[in-house]
Amino acid sequence: MKRGFTTTILHSDLESPIEHHSVHKPLHVAVAYGYPDARDLARVFKGELPGYVYGRQGNPTTAALEAKVSKMEDGIATASFSTGMAAIAATFVALLRAGDHVVSSSFLFGNTNSLFDTFRALGCEVSFVDATDVDNVARAIRPNTRLVFVETIANPCTQIADLARIGALCASRGLLYFVDNTMTSPYLFRPKRTQAGLVINSLTKYIGGHGNALGGAVTDTGLFDWTRFPNIHDTYKTTKPALWGLLQIRKKGLRDVGGTLAAEVAHRLATGAETLALRMERSCANALQLARFLARHPKVKKVYYPGLEDHPQHKLAGELFRAYGALMSFELADGIDCFDFLNRLKLVISSSHLGDNRTLAIPIAHTIYWEMGPARRAEMGIADSLIRLSIGIEDIDDLMDDFQQALEQA
Ligand SMILES: *Cc1c(COP(=O)(O)O)cnc(C)c1O
């Protein structure tokens with residue numbers, strides 16, 4: 001991408017002519033596509049001619065969003081899905097077989113963790129290791145390892161995977177390196193820089209940004225040599241090897257599984273994507289200022305935020321990412337009830353989402369980590385008073401005032 005990030009995204013639709021000189025790719029809601037020459041329909045089916053056949057496998061509106069995500073990630077192709085989880089699940093369905101092994105991180109988005117349990121029941125093996133150190137990943141690799149899957153910044157305690165070294169390890173072993181870039185978004189970090197072959201983004205979070213649309217995307221960066229991947233079906237080896245992986249993800253993941261992104265939703269996400277860089281700049285700046293304030297406050301015991309100097313991967317985060325992200329967690333001082341504190345916030349919303357324009361807070365141990373029980377929570381370092389914050393784009397003085405008054409009275 002030669003132009004800047006925002007310019008490129010804003011003008012991406014106009015790279016091909018649009019009917020009526022519209023500056024947006026319009027909504028194409030048709031399920032079916034009709035061809036005046038039936039031979040063309042057959043050619044599209046065979047992949048000899050570009051085109052659309054049936055809405056489950058995509059439409060021009062989702063394709064326009066996919067092109068934007070490919071540009072953001074500097075990738076060669078992207079497939080979009082109805083949610084981030086649909087994108088991850090469809091990719092695993094498309095690429096893994098019984099008897100395969102995956103190496104992943106012990107600090108993983110809870111639903112992805114639960115998805116790995118499902119794949120274990122289907123006959124795959126999964127090793128969870130502390131991915132902040134590449135040596136743990138290297139030790140876990142086996143002859144049947146098919147891919148390494150990590151996130152950039154972990155939720156809720158913000159551990160950062162050893163992204164570049166894991167990328168070098170995967171490259172040297174010929175392994176597929178699959179990175180979940182949701183927490184950083186392609187504005188803060190491009191996993192391709194650390195040799196990732198596949199990147200997944202939950203579009204629901206920062207890329208959409210407005211908390212009004214669910215979506216997910218898988219991007220092929222073009223770096224992985226698919227001829228080294230044993231699970232590609234012969235049917236999909238008719239194209240250039242660089243496209244085998246994403247073709248199989250589309251065919252198996254989108255056509256067979258059917259977690260298709262709707263055109264209306266794709267359009268909403270594409271509109272959100274136009275301001276990704278501006279929103280990230282603002283929410284990351286807000287987060288850094290707030291993290292520093294909380295770290296100094298006597299009623300706060302500990303703050304987890306990569307932008308603070310005492311964060312174990314502070315230096316690494318500075319080298320890898322454009323900013324330190326907009327997600328942080330903190331523990332209240334002993335004796336302060338987290339519900340009492342949360343209920344005193346007047347602006348910040350108690351909610352489970354993240355990556356919204358609005359600042360959201362959630363008591364982790366009592367909500368998303370409730371099911372796992374106190375023993376597992378203690379193992380993962382999740383204190384009862386731990387609160388996760390997803391910082392939005394509000395005016396910083398209003399955010400500071402809100403936290404100040406709530407902490408004072410708690
Ligand atoms: C939210 C999230 C997902 C799942 O995305 P959905 O769009 O909610 O399905 C995957 N990975 C990470 C890191 C997330 O935060």
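Refer to the preceding data block for the structure.
Just so it is clear, the structure is predicted and the values come from calculations on it, not from any experiment.

Points about the site of the ligand
Every residue lining the ligand is accounted for by T83, G84, M85, I88, F109, D180, T182, M183, S202, T204, K205 and G215. Backbone polar atom of M85 to an oxygen atom of the ligand: 2.8 Å apart, as the coordinates give it. Interatomic distance of 2.8 Å between a side-chain N/O atom of K205 and an oxygen atom of the ligand. Notes on the ligand: free accessible area 380 Å², of which the protein chains cover 92%. A total of three residues in the shell around the ligand trace back to one element, the largest contributor, which is helix α4 (residues 84–95). Considered class by class, the residues forming the shell around the ligand number four nonpolar, six polar and two charged.

Concerning unusual backbone geometry
Residue P156 follows N155 across a cis peptide bond; omega there is 10 degrees. Unlike most non-glycine residues, T158 shows phi in positive territory, near 60 degrees. Checked against the element boundaries, T158 lands in the loop between β4 (145–151) and α7 (163–173). By relative accessible area, which is 0% here, T158 ends up buried.

Looking at the sheet that holds strand β11 (residues 360–363)
Taking strand neighbours across the sheet as the criterion, the five strands line up as β8-β9-β12-β11-β10 in an open arrangement whose pairing is mixed. One side of each edge strand has no neighbouring strand; the edge strands of this open sheet are β8 (300–304) and β10 (349–350). Pairing of β8 with strand β9 (residues 327–332) involves four bridges; the strand directions are antiparallel. By the bridge assignment for β9, V300 is matched with L332. In the packing of helix α11 (residues 276–296) onto the sheet, contacts are made with β8, β9 and β12 (386–390), and the angle to β9 comes to roughly 15 degrees.

Re the sheet that holds strand β6 (residues 198–202)
Taken together, the seven strands give an open sheet; going across it, the order is β1-β7-β6-β5-β4-β2-β3, and neighbouring strands pair in mixed fashion. Where the open sheet ends on each side, the last strands, each with one partner, are β1 (77–81) and β3 (125–129). Recorded for the sheet is a direction-independent mean angle of 20 degrees between the axes of neighbouring strands. With five bridges connecting them, β6 and strand β7 (residues 216–220) associate as antiparallel partners. Of the residues in β7, the one forming a bridge with L198 is D220. Relative to β3, helix α5 (residues 110–121) is tilted by about 145 degrees, and along the sheet it contacts β2 (101–105), β3 and β4.

Concerning the pairing of β3
The pairing of β2 with β3 spans five bridges and is classified as parallel. From the neighbouring strand, H101 faces β3, where its bridge partner is E125. The parallel pair β2 and β3 is bridged by α5, and the resulting crossover is right-handed.

Re the environment of L269
By secondary structure assignment, the location of L269 is in helix α10 (residues 263–273). Separated by 58 residues in sequence, L269 and L327 place their C-alpha atoms 21 Å apart. Residues in contact with L269, not counting those within four places in the same chain, are L65, L203, I207, G208, A213, L214, G215 and L261.

Brief notes about the pattern of salt bridges
Inspection of every chain in the model, using the stated rule, returns 19 salt bridges. Its salt-bridge partner being R250, residue E66 comes within 2.7 Å of it at the nearest N-O pair. Of this pair, E66 sits in helix α3 (residues 60–73) while R250 sits in helix α9 (residues 241–256); the two residues are 184 residues apart in sequence, bridging distant segments of the chain. Note on R250: relative accessible area 24%, which makes it partly exposed. Salt-bridge contacts for D234 lead to K237; the nearest nitrogen and oxygen are separated by 3.6 Å. Under the relative-accessibility criterion, K237 is labelled partly exposed at 34%. Each of the salt bridges in this network shares a partner with another, and the network as a whole consists of K252, R255 and D256.

What counts as what
Residues numbered from 1 in each chain as written. Predicted model: local features only at pLDDT ≥ 70, side-chain atom pairs only at ≥ 80, totals over all residues. Heavy atoms only, no water. Near = heavy atom within 4 Å. Polar contact = N/O pair within 3.5 Å; in protein donor to acceptor, adjacent residues only side chain to side chain. Areas by Shrake-Rupley, 256 points an atom, 1.4 Å probe, with all protein chains shown as cover. Helix = DSSP H or I, 4+ residues; strand = E, 2+ residues; numbered from the N terminus. Nonpolar A, V, L, I, M, F, W, Y, C, P; charged D, E, K, R; others polar. Buried < 20%, exposed > 50% of the residue type's maximum accessible area, 1.4 Å probe, protein only. Pairing = 2+ DSSP bridges. Contact = heavy atoms within 4.5 Å. Axes fitted to C-alpha atoms, helices over the stretch in contact; angles between N-to-C directions. Right-handed = clockwise from strand over helix to strand, strands pointing away. Salt bridge = Lys/Arg side-chain N within 4 Å of Asp/Glu carboxyl O.

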